[in-house]
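Descriptive structure summary
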Amino acid sequence: MMNERDLLESDLRGQTRVLKRLAQGASLDEVLHTLVEVAEESRPDMIGSVMLMEAESGTLRLAASRRLPDFYRTSVDRRIPGPRCGSCGTAAFTGKRVVVEDIATDPLWHGFRDIPEQASLRACWSEPIIASTGEVLGTFAMYYSVPRSPCASELEFVSSIASLAALAIERVRYQSEVERERAVLKTIVNGIPDALLMTGLDRNITHFSRGACRMFQYDADEVLGKSTSILYADRSDFERMAEERFHIAADEKFEATEVQWRRKSGATFVGEMVGKVIRDERDHPLGFLALIRDITDRKRAEACLAESRDKLVQAERLAAMGKMVSAIAHESRNALQRIQVGIDVLEYDIEPDSEAREDLNRIRRAKSDLQHMHDELRSFAGPIQLDSSTANLAEVWRQAWTNLHVLHQGRDVQLIEAIDDVDLVCELDVFRIEQVFRNLFENSLAACADPVRITVACSNRNDGEQRMLCVSVRDNGPGLPEELRSRVFEAFYTTKAKGTGLGMAIAERFITAHRGTIEISDHPDGAEFLMTLPQ
Amino acid sequence: MKRSLRIVIADDEADIRQGFRRLLCKLGCEVVGEAENGRDLIALCAAERPDLVITDVRMPEMSGIEAAKVLAKASAIPVIVVSSYERPDDEDCAFIADFLLKPTCITELRAAINKACDGAF
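Residues numbered from 1 in each chain as written. Chains lettered and ligands numbered in written order. Predicted model: local features only at pLDDT ≥ 70, side-chain atom pairs only at ≥ 80, totals over all residues. Heavy atoms only, no water.

**Overview of the pattern of salt bridges**
- Within this structure, the stated rule accounts for 48 salt bridges over all chains.
- The residue Glu272(A) makes a salt bridge to Arg298(A) at a minimum N-O spacing of 2.8 Å. Highlighted residues: Glu272(A) in strand S9 (residues 268-279) and Arg298(A) in helix H10 (residues 296-349), separated in sequence by 26 residues.
- With a relative accessible area of 37%, Arg298(A) lands in the partly exposed category.
- Each of Arg17(B), Arg21(B), Glu34(B) and Glu36(B) takes part in one network of salt bridges that share partners. (Salt bridge = Lys/Arg side-chain N within 4 Å of Asp/Glu carboxyl O. Helix = DSSP H or I, 4+ residues; strand = E, 2+ residues; numbered from the N terminus. Buried < 20%, exposed > 50% of the residue type's maximum accessible area, 1.4 Å probe, protein only.)

**Considerations on the interface of chain B and chain A**
- With 20 residues of chain B at the contact, the number on the chain A side is 16 residues.
- Between chain B and chain A, a total of about 1,700 Å² is buried, with carbon and sulfur atoms accounting for 56% of that surface.
- On the chain B side of the contact with chain A, Lys26(B), Ser84(B) and Pro103(B) bury the most area, a combined 32% of that side's loss.
- Linking chain B with chain A are three salt bridges, by the criterion used here.
- The partner of Asp349(A) in a salt bridge is Arg22(B), with the nearest N and O atoms 3.3 Å apart.
- Among the elements of the structure, helix H1 (14-26) and helix H5 (106-116) of chain B are those that each provide at least two residues to the side of chain B that touches chain A.
- With seven residues, H1(B) is the single largest residue contributor to the side of chain B that touches chain A.
- Residue classes in the side of chain B that touches chain A are distributed as ten nonpolar, three polar and seven charged. (Contact = heavy atoms within 4.5 Å. Buried area = accessible area lost by both parts, 1.4 Å probe. Nonpolar A, V, L, I, M, F, W, Y, C, P; charged D, E, K, R; others polar.)

**Structural notes on the sheet that holds strand S14 (residues 452-463) of chain A**
Residue and element names in this part refer to chain A.
- If you walk across this open sheet you meet the five strands as S12-S14-S15-S17-S16, and the pairing is mixed. Each edge of the open sheet carries a strand with a single partner, namely strand S12 (413-418) and strand S16 (517-520). In this sheet, adjacent strand axes meet at a mean angle of 15° when their direction is disregarded.
- Of the strand pairs in this sheet, S16 and strand S17 (residues 528-534) are connected by four bridges, and their pairing is antiparallel. Within S17, the position partnered with Ile520 by the bridge is Phe529.
- Along the sheet, helix H12 (residues 393-403) contacts S12, S14, strand S15 (466-475) and S17; its crossing angle with S12, the most-contacted strand, is approximately 175°.
- Helix H16 (residues 503-513) rests against S16 and S17 of the sheet, and its axis sits at about 145° to S16. (Pairing = 2+ DSSP bridges. Axes fitted to C-alpha atoms, helices over the stretch in contact; angles between N-to-C directions.)

**Thoughts on the packing of helix H2 (residues 28-42) of chain A against helix H6 (residues 152-191) of chain A**
Residue and element names in this part refer to chain A.
- Relative to each other, H2 and H6 sit at 165°, their axes nearing to 10 Å. The angle between H2 and H6 falls in the class roughly antiparallel. Remark: the crossing between H2 and H6 carries right-handed chirality. On the side of H2, the interface is formed by Leu28, Val31, Leu32, Leu35, Ala39 and Ser42, while H6 contributes Phe157, Ile161, Leu164, Ala165, Ala168, Ile169 and Val172.
- Taken together, the residues of the contact of H2 with H6 break down into twelve nonpolar, one polar and no charged. (Parallel < 35°, antiparallel > 145°, perpendicular 65-115°, else oblique. Left-handed = near helix turned anticlockwise from the far one by under 90°.)

**Observations regarding the layout of surface pockets**
All names here are of chain A.
- Computed from the structure, the second largest pocket encloses a volume of approximately 780 Å³.
- Asp310, Lys311, Gln314, Phe489 and Glu508 are, among the 25 residues lining the second largest pocket, the residues nearest its centre.
- The element contributing the most residues to the lining of the second largest pocket is H10, with nine residues.
- Residue composition of the lining of the second largest pocket, by class: eleven nonpolar, five polar and nine charged. (1 Å grid on protein atoms, 1.4 Å probe; cavity = no way out; pocket = protein on both sides within 12 Å on 5 of 7 lines; lining within 4 Å. Points joined across faces, edges and corners; volume = space filled by probe spheres on them.)

**Some details on the side chain of Asn334(A)**
- By secondary structure assignment, the location of Asn334(A) is in helix H10.
- Look at Asn334(A) and you get buried, because its relative accessible area is 1%.
- In this structure the side chain of Asn334(A) is engaged in a polar contact, spanning 2.7 Å, whose partner is the side chain of Lys102(B).
- Dropping the residues within four chain positions of it, Asn334(A) is found in contact with Glu13(B), Ile16(B), Ser84(B) and Lys102(B). (Polar contact = N/O pair within 3.5 Å; in protein donor to acceptor, adjacent residues only side chain to side chain.)

**Remarks on empty space enclosed by the protein**
Residue and element names in this part refer to chain A.
- On inspection of all chains with the given rule, the structure shows three cavities of 30 Å³ or more.
- Lining the largest cavity are 13 residues, and of these Thr199, Thr228, Tyr232, Phe246 and Ala290 sit closest to its centre.
- Of all the elements in the fold, those that place two or more residues in the lining of the largest cavity are strand S6 (195-200) and strand S10 (285-294).
- A per-element tally of the lining of the largest cavity places S10 first, with four residues.
- Each residue belonging to the lining of the largest cavity can be placed in one class, and the counts come to ten nonpolar, two polar and one charged.
- Looking at the lining of the second largest cavity residue by residue, the class counts come to eight nonpolar, three polar and one charged.

**What to know about H2(A)**
All names here are of chain A.
- Given a rise of 1.5 Å per residue, 15 residues ought to cover 21 Å, and the 21 Å separating the end C-alpha atoms of H2 matches this to within 8%.
- Looking only at H2, the buried set comprises Leu28, Val31, Leu32, Thr34, Leu35, Val36, Val38, Ala39, Glu40 and Ser42.
- On its buried face, H2 sits against helix H1 (4-23), strand S1 (47-54), strand S2 (59-65), strand S5 (136-144) and H6. (Expected span 1.5 Å × (residues − 1).)

**Quick notes on a positive patch on the surface**
Residues and elements named next belong to chain A.
- A contiguous patch of positive charge, built from Arg182, Lys186, Arg210 and Arg214, is present on the exposed surface.
- When contributions to the positive patch are tallied by element, the ones reaching two or more residues are H6 and helix H7 (210-216).
- Looking at where Lys186 falls in the secondary structure, it is placed in helix H6. (Patch = residues over 30% accessible without salt bridge, like charges linked within 9 Å, V, L, I, M, F, W, Y side chains within 5 Å. Areas by Shrake-Rupley, 256 points an atom, 1.4 Å probe, with all protein chains shown as cover. Lys, Arg positive; Asp, Glu negative; His and termini not counted. Charge placed at Lys NZ, Arg CZ, Asp CG, Glu CD.)

**Description of the environment of Gly287(A)**
All names here are of chain A.
- Mapped onto the elements, Gly287 comes out in strand S10.
- Overall, Gly287 belongs to the buried group, its relative accessible area being 0%.
- Taking the C-alpha atoms as reference points, Gly287 and Asn204, 83 residues apart in sequence, are found 9.1 Å from one another.
- Excluding residues within four positions of it along the chain, Gly287 makes contact with Thr199, Gly200, Leu201, Lys276, Val277 and Ile278.

**So, the UniProt feature "modified residue: 4-aspartylphosphate" (unreviewed entry) in chain B**
All names here are of chain B.
- Annotation from UniProt places "modified residue: 4-aspartylphosphate" (unreviewed entry) at Asp56.
- By secondary structure assignment, the location of Asp56 is in the loop between strand S3 (52-55) and helix H3 (64-74).
- With relative accessibility at 1%, the residue Asp56 sits in the buried group.
- When neighbours within four sequence positions are excluded, Asp56 is seen to be in contact with Ala10, Asp11, Asp12, Gly64, Val82, Ser83 and Lys102. (UniProt positions renumbered as here; feature names shortened; annotations may be inferred.)

**Quick word on a negative patch on the surface**
- Taken together, the side chains of Asp387(A), Asp89(B), Asp90(B) and Glu91(B) make up a negatively charged region of the molecular surface.
- Checked against the element boundaries, Asp90(B) lands in helix H4 (residues 90-93).
- Judged by relative accessible area, which is 64%, Asp90(B) ranks as exposed.

The following block contains the structure:
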């Protein structure tokens, strides 16, 4: 039998063992078993047990006991606490210590006596395990095989064991809660496709989510500790964000900011970012958090939608204009025919070199202008039914050049062909492609001062299975002014004093109808148009 | 000296008929009849037996193309169509000697007559 001092020392050692297990991160089950173990070691004639309240069922569950017989364990498990429900059931119900000196006679055990009797248990003192919040978590019970009452040190012991159990249960439960929250948070952080970054107040990266790794193509190890500036495509955005979001006095903002970002490969993309200051419970800033979403696809879809909308509007405009042009085509051509035939007849009657002949020529020119305008409107807005045939493209542009003889007559003008061994045979509507070249040549002749050099260069290319003829028409003029470059194919836009502004819009429409493309090149000298036509 | 070509013209616009008549006279042709629709054109051709027909397409009662089809069955008179509408389908063009889109000028008209009447000028 240990003396008081040895017992105290043994209790302290036991408690330390329990605390160590707790600190080692042992499970609640393991900690409670250690608790029973150390209690029984210091008091070998005692049988200890811990019961825990199960919130869902409202019953007491046997959580730890080393020496209670199985049938007894089974009988006490899942007991509902009550005002007269043995030692533990009553202690759990009242929240107060229950000391039963003799189970055989105590009224609290009325109706339950045969099982402890069978297990040779006569005394049972039960201490409720109470959380810091006051909630009853369970009970710690000390059984003896003989009737007996506790001394003061034993009461102190049972009380300290219950306190230790409360500490262990709360600690383990808190730990479980923290781990659960961490798991949830981790799932969220790693589960979202967006990039989640955390930084210190110096904006050096402290956390780089899997989404961030995927988005920026870095491994977390490559960027941890580095400044977020490596992720910005533009240094000024990094600095701007310091002013707008990433400073300790920043207001909470929920709206996203669009920023151009840079991947490890150097490729850039548009990302939408929300960011905020991370603060502790006392509102002290700890760092910054940023959530970035790659919106490249959305931007692309928006651009496609805008383009489709523009095309739809353009198609509607064209359809309306087509109807209008068709409606006036018949009557205007008849009117033009009346003028034409009048001119042709008068030419026989009016003396050459007379003033009347000059008047007649003015009427002829006016009629030609009117007809040209009418034809342009029809070309732009009327339905296109290609009349395709196999043709050599060089012959088409040469014919267009020849037809412009009046425009380059008397000027220092040269059409240079760079075609070598290129295959120039295409299926095309000769009349319409000739008009494309005519419009391009007309523009060059109007824009260039003598000597004018217009170069047509061709090459063949394979686009997948489609063979394409690429044609460049370049002049040695001043080039296209910046404001014209983006609007050059826009209908009715012109920098010339005269003209409908339809020439290049018609060219684009005709080339598109041939399933080809036409665009302005970035050539620094002169103007250059690049066309492709399927072969 | 060649005999002047005898031509019948058809157009629902009097100004155009008159203009073509005067112009064809300047070219040395003789306009032997004018019609303002396809039906009159056929009747005129039956009566006058011209060397050539110059006709518009859209006219009341009967179009120039329909009239050309009837004429092609009954006689060998060549037909030149002058229209303010685009060239009709190849099927319809089988009945005509040439197609001119308005406004057509004297040069084009002369070339078409030459082609239709085998070197009339």
